[in-house]
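# Summary of structural features
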Amino acid sequence: MFWDGGVDADSSLKEKSEFYCLAERMSRIIKDIITEFDEHVLVDKVFCENEKMFADWVDLSKYELFREVSELFKSKQYYEISLPEDDKIIDLIVESNFRYFTYISLYLPKTKLIILPTCHTEILVYSDCSDKIVEVLEPIVAKHSDDKYKIMCKRYGTVSVHNENT
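### Concerning the side chain of His-144
- For His-144, the location among the structural elements is in the segment after α4 (130-143).
- Look at His-144 and you get buried, because its relative accessible area is 6%.
- Beyond its immediate sequence surroundings of up to four residues, His-144 is in contact with Arg-25, Arg-28, Ile-29, Asp-32, Tyr-149 and Ile-151.

### Some points on the packing of aromatic side chains
- Inspection of the entire model under this criterion finds 10 aromatic pairs.
- Between Trp-57 and Tyr-63, the aromatic rings sit 6.0 Å apart at their centres with planes inclined by 85°, giving edge-to-face as the arrangement.
- With a centroid separation of 4.9 Å and 35° between ring planes, the pair formed by Tyr-63 and Phe-101 is classed as tilted. One end of the pair, Tyr-63, is in the loop between β1 (41-43) and α2 (64-72); the other, Phe-101, is in the loop between α3 (87-98) and β3 (106-108), and 38 residues separate them in sequence.
- One aromatic cluster is present, built from ring pairs that chain together Trp-57, Tyr-63, Tyr-100, Phe-101 and Tyr-103.

### Quick notes on the pattern of salt bridges
- Under the defined criterion, the tally for this structure stands at nine salt bridges.
- Across the pair Asp-32 and Lys-143 runs a salt bridge, and its minimum N-O distance is 2.9 Å. In this pair, Asp-32 sits in helix α1 (residues 13-37) while Lys-143 sits in helix α4, placing the two residues 111 residues apart along the sequence.
- A relative accessible area of 58% places Lys-143 in the exposed class.
- Salt-bridge contacts for Lys-62 lead to Asp-59; the nearest nitrogen and oxygen are separated by 3.5 Å.
- Of the residues examined, Asp-59 reaches a relative accessible area of 33% and is grouped as partly exposed.
- Put simply, Lys-31, Asp-87 and Asp-91 are held in one network by salt bridges that share partners.

### Details of the layout of surface pockets
- In this structure, the second largest pocket spans a volume of roughly 190 Å³.
- What lines the second largest pocket is a set of 13 residues, among which Glu-49, Tyr-100, Thr-102, Tyr-103 and Leu-116 lie closest to the centre.
- Within the residue set of the lining of the second largest pocket, elements represented by two or more residues are β4 (113-117) and β5 (123-127).
- Taken together, the residues of the lining of the second largest pocket sort by class into seven nonpolar, four polar and two charged.

### A word on the confidence of the model for the protein
- Confidence along the protein averages 86 in pLDDT terms, with 90% of residues attaining 70 or more.
- In the model, residues 158-166 has pLDDT below 50 throughout and makes zero contacts with residues more than four positions away in sequence or in other chains.

### Observations regarding α3
- Taking 1.5 Å as the rise per residue, α3 with 12 residues should run 16 Å; its terminal C-alpha atoms sit 17 Å apart, in good agreement.
- For α3, the set of buried residues is Ile-89, Ile-90, Leu-92, Ile-93, Val-94, Ser-96, Asn-97 and Phe-98.
- Those residues of α3 that are buried are in contact with α1, β1, α2, β2 (79-81), β3 and β4.
- Positive phi appears at Tyr-100, one or two residues downstream of α3, with a value of about 70°.

Calculation criteria
- Residues numbered from 1 in each chain as written.
- Predicted model: local features only at pLDDT ≥ 70, side-chain atom pairs only at ≥ 80, totals over all residues.
- Heavy atoms only, no water.
- Helix = DSSP H or I, 4+ residues; strand = E, 2+ residues; numbered from the N terminus.
- Buried < 20%, exposed > 50% of the residue type's maximum accessible area, 1.4 Å probe, protein only.
- Contact = heavy atoms within 4.5 Å.
- Phe/Tyr/Trp six-rings, centres within 6.5 Å; stacked < 30°, edge-to-face > 60°.
- Salt bridge = Lys/Arg side-chain N within 4 Å of Asp/Glu carboxyl O.
- 1 Å grid on protein atoms, 1.4 Å probe; cavity = no way out; pocket = protein on both sides within 12 Å on 5 of 7 lines; lining within 4 Å.
- Points joined across faces, edges and corners; volume = space filled by probe spheres on them.
- Nonpolar A, V, L, I, M, F, W, Y, C, P; charged D, E, K, R; others polar.
- pLDDT = per-residue confidence, 0-100.
- Expected span 1.5 Å × (residues − 1).

Here it is as structure tokens:
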């Protein structure tokens, strides 16, 4: 399933239910990754793409979810997340990113791993040690995949371009 920016108030209950079911499942994947690496997570705009944590729509402040997440993550300070104490904060980040209100990335400093839930209801993971990371990610993702939700690890490597003129 794929959503570009989540659901709206006028979405059907079926669409909302499917969206939030997938969001909850993806949040559990992120929590399992964090738990597996046994790290505290840092949140700060320096870890976000283009160093932006928040979308800049004109009417974002009318959404309660955006108000809640922007109040929690002041853009001038970093935040440290520990599980299980901050379990609901991971849910909040996933929902807010999936709904295209925020671009919050989660940074695991010991592993040097960045986890980014996106508005396309996917989770991007960035690492310099992709082989080792994939070994950890694949069983976690498989655990949360079933007949209804086919969730998979897809690895993007370095792309080399061959040009006959060089």
